[in-house]
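Structural overview for review
What follows is the residue order along each chain.
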Amino acid sequence: MECRHCGHNLVHSFADLGSAPPSNSYLSEERLNDAETWYRLNVLVCDKCWLVQTDDYVASEEMFSDDYAYYSSFSSSWVNHAKNYVDLIVQKLGLNENSNVVEIAANDGYLLQFVKGKNIPCYGIEPTTGTANEAKKRGIEIVENFFTEKLAYELVANEKSADLIIANNVLAHVPDINDFLKAFKALLKPNGTATFEFPYLVNLVDNIQFDTIYHEHFSYLSLTSLTIIFKNNGLHIYDIEYLSTHGGSLRVYAKNQKYSKSNNESLLLRTAKENETNLGLNDLNYYFGFIKKIEKVKNNLLKFLINAKENKEKVIGYGAAAKGNTLINYSGIKSDLIKFIVDKNPNKQNKFMPGSKIPILHPSSITEYKPDYILILPWNLSDEIINEVKSEYYSEAKFITAIPELIIK
Ligand SMILES: [Zn+2]
């Protein structure tokens, strides 16, 4: 396979997780006996532009079908994060009622509701009908489509150019990263800014967050690779921020290269790039050896679950998130080890996890079942989940997180 960015031949594996069904293909009871398609899940690194990327391509149509079940508003901490971001960026860029804000992958309007609340004109781009409809119910204009360079030029022709384009947790999800970035360049006004948030590769490696690897997630991003990739697509990164979301993310600020001085780089950005060079992100050795750490996480979790079963202790899971599917399918866990998984999202309840076919239930099942242990799959939301379960459902259970190491509390 060739590198998605530079076309160089990819030969170096970073994390080979075997194969898995698409992470968001939750199964209804009627579909439970149907065959599932398992796709190869191997992540490679390009030794020319350092883009870390999955080696397979699952058609976008399959992954973003209408029953694609992720609604951003179901996580209160994520909504809060969006609100804080809007407050910060409106002030930073001096946005007002004459500005135009665009969010790519606007989901259910979890973020743009706050832009609209400040009377700043905005619209979202969102290919998934279910979430787009939720956003429209909030009175937010949505262009129901994938964001491509072609679409960007159509929007520009309709006077829909942007002072700010927001791309939170979407850059890693696009298969054609070059066309996607060219679309930003096209849609931005000359002085416009685009911000991108994505899980940071350095955190992924440091904290063994291999469960953030799934098919919908095509790229694993560092500044070392992005500096090259943005530049080749006409964008200039001028600032960054470190974020605690998703176990450690980066927010990158970029402008059209044509209107941005190349020496205009914040001190934090320059320091972060130096840090990556010191860590060796432009050296293959950095990427090798990751798989051994992954295997250790898997082995420790399996030992714990088998032990619990032999001691007749009851274990369930919390949060039927995509990352949970990677951990569960890679570890080969089925409902004999984790009886069921609870999730607040009604679109997932009474369905089954892809691959493992573990049932997904309403959180009130915790009260009834009285588990000894609850494995928290979205470990980034662990505090929020523990508080909620203790106060609303059952206070006696112990909580487990498996990544970066097995912790029981
Ligand atoms: Zn490359």
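Residues numbered from 1 in each chain as written. Predicted model: local features only at pLDDT ≥ 70, side-chain atom pairs only at ≥ 80, totals over all residues. Heavy atoms only, no water.

**Observations regarding the overall build of the protein**
This is how it is decided: Labels follow the DSSP assignment, with helices taken as runs of H or I lasting at least four residues and strands as runs of E lasting at least two, numbered in each case from the N terminus. Our radius of gyration looks at C-alpha atoms and nothing else; its globule reference is 2.2 Å times the residue count to the power 0.38. Summary of the burial criterion: residues with accessible area below 20% of their type's maximum are buried, those above 50% are exposed, and those between are partly exposed, where the area comes from a 1.4 Å probe applied to protein chains only. Any two residues whose heavy atoms approach within 4.5 Å at even a single point are treated as in contact.
Along the protein, the regular secondary structure elements total 14 helices and 17 strands. Over its C-alpha atoms the protein spans a radius of gyration of 21 Å, differing by no more than 12% from the 22 Å that the globule rule assigns to 409 residues. Overall, the C-alpha framework of the protein stretches about 65 × 50 × 40 Å when taken along its three principal axes. Here the protein holds 409 residues, and the buried ones make up 58% of them. Counted over contacts in the protein with a minimum sequence separation of 6, partners at least 24 positions apart contribute 70%.

**Comments concerning helix α6 (residues 177–187)**
Burial of α6 is extensive: eight of the 11 residues sit out of reach of the surface. The complete set of buried residues in α6 reads I177, N178, F180, L181, A183, F184, A186 and L187.

**Remarks on unusual backbone geometry**
Peptide bonds are trans in most cases, and residues, glycine excluded, mostly fall at negative phi. With omega at 5°, the peptide bond leading from I403 into P404 counts as cis. Turning to its location among the elements, P404 is positioned in the loop between β16 (398–401) and β17 (407–408). You will see that I208, though not glycine, has its phi angle at about 50°, which is positive. If you trace the backbone, I208 turns up in the loop between α7 (201–206) and β9 (219–220). With a phi close to 55°, K312 is a non-glycine residue in the positive phi region. Checked against the element boundaries, K312 lands in the loop between α11 (290–310) and β12 (315–318). Residue class for K312 comes out exposed when judged on its relative accessible area of 74%.

**Some points on the coordination of the zinc ion**
Counted only if it meets this: In this analysis a donor is any N, O or S atom within 2.8 Å of a metal ion (3.2 Å for sodium, potassium and calcium), and since water is not included, sites may seem incomplete. Note on geometry labels: four donors, all angles 85 to 135 degrees, give tetrahedral; four donors become square planar and six octahedral when opposite donors are over 155 degrees apart and every other angle is between 65 and 115; remaining cases are irregular.
The protein atoms that coordinate the zinc ion are C3 (SG), C6 (SG), C46 (SG) and C49 (SG), at distances of 2.3 Å. One can describe the site at the zinc ion as tetrahedral: its four donor atoms subtend angles covering 100 to 119° at the metal. You can call C46 buried: its relative accessible area is 0%.

**Some points on the environment of L51**
With respect to the helices and strands, L51 occurs in the loop between β2 (39–45) and β3 (52–54). The spatial distance from the C-alpha of L51 to the C-alpha of E405 is 27 Å, given a sequence separation of 354 residues.

**Topic: the packing of helix α8 (residues 223–232) against helix α9 (residues 267–279)**
Helix packing geometry: the angle between the two helix axes and the distance between the axes. What counts here: Helix axes are fitted to C-alpha atoms over the stretch in contact, other axes to C-alpha atoms as well, and angles between N-to-C directions run from 0 to 180 degrees. Each residue is assigned to one of three groups, with Ala, Val, Leu, Ile, Met, Phe, Trp, Tyr, Cys and Pro labelled nonpolar, Asp, Glu, Lys and Arg labelled charged, and all others, Gly among them, labelled polar.
One way to put it is that α8 packs onto α9 with a least axis distance of 9 Å and a crossing angle of 120°. Between α8 and α9, the contacting residues are L223, T224 and T227 on the first element and L269, A272, K273 and E276 on the second. When grouped by side-chain class, the residues that make up the contact of α8 with α9 number three nonpolar, two polar and two charged.

**Describing helix α4 (residues 129–137)**
Among all positions in α4, only G130, T131, A132 and A135 are buried. Just downstream of α4, G139 is the residue with a positive phi angle, here 80°.

**Digging into the domain arrangement of the protein**
For clarity, the cut-off: An automatic or database domain assignment provides the domain bounds reported here. Note on definitions: buried area is the accessible-area loss of two parts on being combined, 1.4 Å probe, summed for both. Note on definitions: salt bridges are taken to be side-chain nitrogens of Lys or Arg within 4 Å of carboxyl oxygens of Asp or Glu.
When the domains of the protein are assigned, the result is domain 1 (72–287) and domain 2 (291–408). For domain 1 versus domain 2, the distance between C-alpha centres works out to 31 Å. Contacts between domain 1 and domain 2 engage 15 residues on the former and 18 residues on the latter. Per-residue buried area on domain 1 facing domain 2 is highest for F74, F210 and D211; these three make up 45% of the total on that side. Joining domain 1 to domain 2, the criterion identifies zero salt bridges.

**Overview of the sheet that holds strand β14 (residues 360–361)**
Across a sheet, strands are paired by hydrogen bonds formed along the backbone, either parallel or antiparallel in direction. Filter applied, for reference: At least two DSSP bridges between two strands are required for those strands to pair.
Across the sheet, which stays open at both edges, the six strands sit in the order β14-β13-β12-β15-β16-β17 with mixed pairing between neighbours. Edge positions in the sheet fall to β14 and β17, since each of these pairs with one other strand and no more. Sheet analysis places β12 next to strand β13 (residues 341–342), joined by two bridges and oriented parallel. Across the sheet, G317 pairs through a bridge with I341, a residue of β13.

**Details of the nonpolar core**
What counts here: As used in this record, nonpolar core signifies buried Ala, Val, Leu, Ile, Met, Phe, Trp, Tyr and Cys residues forming a set joined through side-chain atoms within 4.5 Å.
F14, F147, L171, F184, F196, F210 and F230 are the most contacted members of the largest nonpolar core, which totals 96 residues. With eight residues, α11 is the largest single contributor of residues to this core. Beyond its immediate chain neighbours, meaning those up to four positions away, F196 contacts A167, L171, L181, F184, F230, L250, R251, V252 and A254. I120, A135, I142 and L164 belong to the second largest nonpolar core, which has 24 residues in total.

**Structural notes on the sheet that holds strand β4 (residues 101–104)**
Overall, mixed pairing links the seven strands, which are arranged β6-β5-β4-β7-β8-β11-β10 in an open sheet. Here the strands that pair on one side only, and so sit at the sheet edges, are β6 (142–143) and β10 (235–243). With six bridges joining them, strand β8 (residues 188–199) and strand β11 (residues 249–256) adopt antiparallel strand pairing. Bridge pairing in β11 places A194 opposite A254. Contacts between α6 and the sheet are confined to β4, β5 (122–125), β7 (162–168), β8, β10 and β11, with β8 contributing the most and set at about 145° to the helix.

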